[in-house]
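# Descriptive structure summary
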Amino acid sequence: MKNTRGQPLTYNSIQHLLNNRRYIGEYTYRDIVVPDGIPAIVPQDLFERVQDRLAKNKKAPARYKAEEDYLLTTKLFCGYCGAYLCGESGTSHTGNTHRYYKCVSVKKKRQECHKKSVRKEWIEDFVVGETMKMVMDDKAIEAIVSMLMDLQDRENVNLPLYEQQLREADIAIQNLLNAIQQGILTKSTKGRLEELEATKEELETRIACEKLAKPKVSAEFMTFWLHRFRKLDVRQKAHRKMLIDTFINAIFLYDDKMVITFNYKEGTDTITFDDLKTSPAAEKSGSDLDCLTAV
Ligand SMILES: [Zn+2]
């Protein structure tokens with residue numbers, strides 16, 4: 001990449017680009033700061049997110065990438081003490097790297113907690129497998145779609161209000177027209193009728209605008225969108241991440257079971273590890289878990 005003078009772009013100029021508050025419209029002259037002094041070309045929230053990321057990277061440059069690798073970070077909690085499980089890795093005497101999720105209380109010896117660490121691959125395969133089971137289940141997908149439709153209707157508070165007002169205006173107009181038919185026509189009925197017609201017209205415009213502003217997503221489209229998840233390749237990290245980020249709300253992990261809360265499904269699923277003839281304690285045998293990824 002070259003700059004406008006044809007010189008190679010340096011790390012410093014990128015740093016300057018990312019830090020420059022002029023992009024959010026802040027104009028500084030000596031020690032006077034004028035917010036919105038010049039036109040902003042970067043939205044404030046984006047700028048702030050960039051500052052957060054820069055601050056984090058400064059603290060621990062390699063940390064971000066490591067966290068990325070642990071797909072369940074922020075979703076996985078200890079069933080016994082409620083703390084997060086965080087990613088940890090260690091090298092065995094044979095030189096192999098082992099990666100785990102470990103209860104923060106155990107790690108920091110903060111409080112009495114004896115939760116065993118679980119192997120990263122094992123728990124991630126398990127969660128991805130359970131999520132995929134739900135995605136493959138037509139009834140679950142139907143339930144998600146109907147919930148989303150409800151949510152969508154609830155989100156738009158103006159539209160039902162305007163529609164109600166429109167119905168009321170229509171009734172009032174009809175009543176007046178009936179009165180006119182019966183020969184009751186005074187100056188005030190005529191004025192009132194015109195008023196109502198104007199209100200009706202305005203409401204119709206508002207309703208049209210609301211509908212334009214918030215186009216309703218159809219149930220068919222939502223189903224289609226959700227069905228696309230069925231085609232994901234659960235062996236690919238990006239696909240696994242997408243599944244977890246989209247569907248998993250929280251997982252409470254015990255030594256013998258876990259409780260999964262999905263994002264779009266009412267209630268929770270409790271899965272006991274006995275069902276799978278394997279347990280977190282059987283950390284060293286990885287091959288029996290392959291069946292999970294093949295869902
Ligand atoms: Zn714990």
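Residues numbered from 1 in each chain as written. Predicted model: local features only at pLDDT ≥ 70, side-chain atom pairs only at ≥ 80, totals over all residues. Heavy atoms only, no water.

### A few points about the packing of helix H5 (residues 120-136) against helix H10 (residues 237-247)
Where H5 contacts H10, the two axes come as close as 10 Å, and the packing angle between them is 65 degrees. It follows from the interaxial angle that H5 and H10 lie roughly perpendicular. Helix-helix and strand crossings are classified by hand; for H5 and H10 the assignment is left-handed. Residues Glu-121, Glu-124, Asp-125, Val-127, Val-128, Thr-131, Met-132, Met-134 and Val-135 of H5 lie in contact with H10, whose contacting residues are Arg-240, Leu-243, Ile-244 and Phe-247. (Axes fitted to C-alpha atoms, helices over the stretch in contact; angles between N-to-C directions. Helix = DSSP H or I, 4+ residues; strand = E, 2+ residues; numbered from the N terminus. Parallel < 35°, antiparallel > 145°, perpendicular 65-115°, else oblique. Left-handed = near helix turned anticlockwise from the far one by under 90°. Contact = heavy atoms within 4.5 Å.)

### Some thoughts on the sheet that holds strand E5 (residues 97-103)
Reading across the sheet, the three strands line up as E4-E5-E6 and stay open at both edges, with antiparallel pairing between neighbours. Unpaired on one side and paired on the other, strand E4 (85-91) and strand E6 (118-119) mark the two borders of the sheet. Of the strand pairs in this sheet, E5 and E6 are connected by two bridges, and their pairing is antiparallel. Bridge pairing links Tyr-100 to Arg-119 in E6. (Pairing = 2+ DSSP bridges.)

### Quick look at the pattern of salt bridges
Overall, the coordinates contain 18 salt bridges when judged by the stated rule. For the salt bridge of Lys-241 with Asp-245, the shortest nitrogen-to-oxygen distance reads 3.1 Å. Note that Lys-241 and Asp-245 are positioned in helix H10 at a spacing of four residues, about one turn of the helix. (Salt bridge = Lys/Arg side-chain N within 4 Å of Asp/Glu carboxyl O.)

### Quick word on the coordination of the zinc ion
Coordination of the zinc ion by the protein comes from Cys-78 (SG), Cys-81 (SG), Cys-103 (SG) and Cys-113 (SG), over a distance range of 2.2 to 2.4 Å. For the zinc ion, the four donor atoms in the first shell make angles of 96 to 120 degrees at the metal, a pattern classed as tetrahedral. Within one chain, the residues serving as donors to the zinc ion are arranged as C-x2-C-x21-C-x9-C. Taken together, the residues Cys-81 in the loop between strand E3 (76-78) and E4 and Cys-103 in strand E5 connect sequence positions 22 residues apart. The class for Cys-103 is buried, based on a relative accessible area of 1%. (Donors = N, O, S within 2.8 Å, 3.2 Å for Na, K, Ca; no water. Tetrahedral: all angles 85-135°; square planar, octahedral: opposite > 155°, others 65-115°. Buried < 20%, exposed > 50% of the residue type's maximum accessible area, 1.4 Å probe, protein only.)

### A few points about the pairing of E4
As paired strands, E4 and E5 are joined by seven bridges and run antiparallel to one another. Across the sheet, residue Thr-91 finds its bridge partner in E5, namely Thr-97. If you look at the hairpin formed by E4 and E5, you'll find five residues sitting between the two strands, and Gly-95 has a positive phi there, around 95 degrees.

### Some details on the side chain of Glu-130
Considering the arrangement of structural elements, one finds Glu-130 in helix H5. For Glu-130, a relative accessible area of 9% corresponds to the buried category. When neighbours within four sequence positions are excluded, Glu-130 is seen to be in contact with Ile-260, Phe-262 and Ile-271.

### Let's talk about the packing of helix H7 (residues 158-181) against helix H8 (residues 187-213)
Orientation of H7 relative to H8, taken along the N-to-C sense of each, is 155 degrees, at an axis distance of 9 Å. Relative to H8, the element H7 is oriented roughly antiparallel. Read as a crossing pair, H7 and H8 show a hand that is left-handed. Residue composition of the contact of H7 with H8, by class: 13 nonpolar, three polar and nine charged. (Nonpolar A, V, L, I, M, F, W, Y, C, P; charged D, E, K, R; others polar.)

### So, the packing of aromatic side chains
Using the criterion set out here, one finds eight aromatic pairs in the structure. Ring geometry for Tyr-70 versus Tyr-101: centroids 5.3 Å apart, planes at 85 degrees, classification edge-to-face. Within this pair, whereas Tyr-70 is found in the loop between helix H3 (63-69) and E3, its partner Tyr-101 is found in strand E5, the two being separated by 31 residues in sequence. For the pair formed by Tyr-70 and Tyr-101, the shared burial category is buried. On the basis of an interplanar angle of 80 degrees and a centroid distance of 4.9 Å, the ring pair of Phe-229 and Phe-247 is categorised as edge-to-face. (Phe/Tyr/Trp six-rings, centres within 6.5 Å; stacked < 30°, edge-to-face > 60°.)

### Quick look at the confidence of the model for the protein chain
Taken residue by residue, the protein chain gives an average pLDDT of 82. The fraction at 70 or more is 87%. The weakest mean pLDDT in the protein chain belongs to helix H11 (residues 290-293) at 30; the strongest belongs to E3 at 94. Contacts of residues 276-295 to residues separated by more than four positions or lying in other chains number 31 contacts, the stretch itself having pLDDT below 50. (pLDDT = per-residue confidence, 0-100.)

### So, the sheet that holds strand E7 (residues 248-253)
Read from one edge of the open sheet, four strands run E3-E7-E8-E9, paired in mixed fashion. Strands with a single pairing partner mark the edges of an open sheet, and in this sheet they are E3 and strand E9 (268-272). Pairwise comparison of adjacent strand axes, ignoring direction, gives a mean angle of 20 degrees for this sheet. In the sheet, strand E8 (residues 257-262) pairs with E9 via five bridges, with the strands oriented antiparallel.

### Observations regarding the environment of Ala-140
One can find Ala-140 in helix H6 (residues 138-155). For Ala-140, a relative accessible area of 5% gives the class buried.

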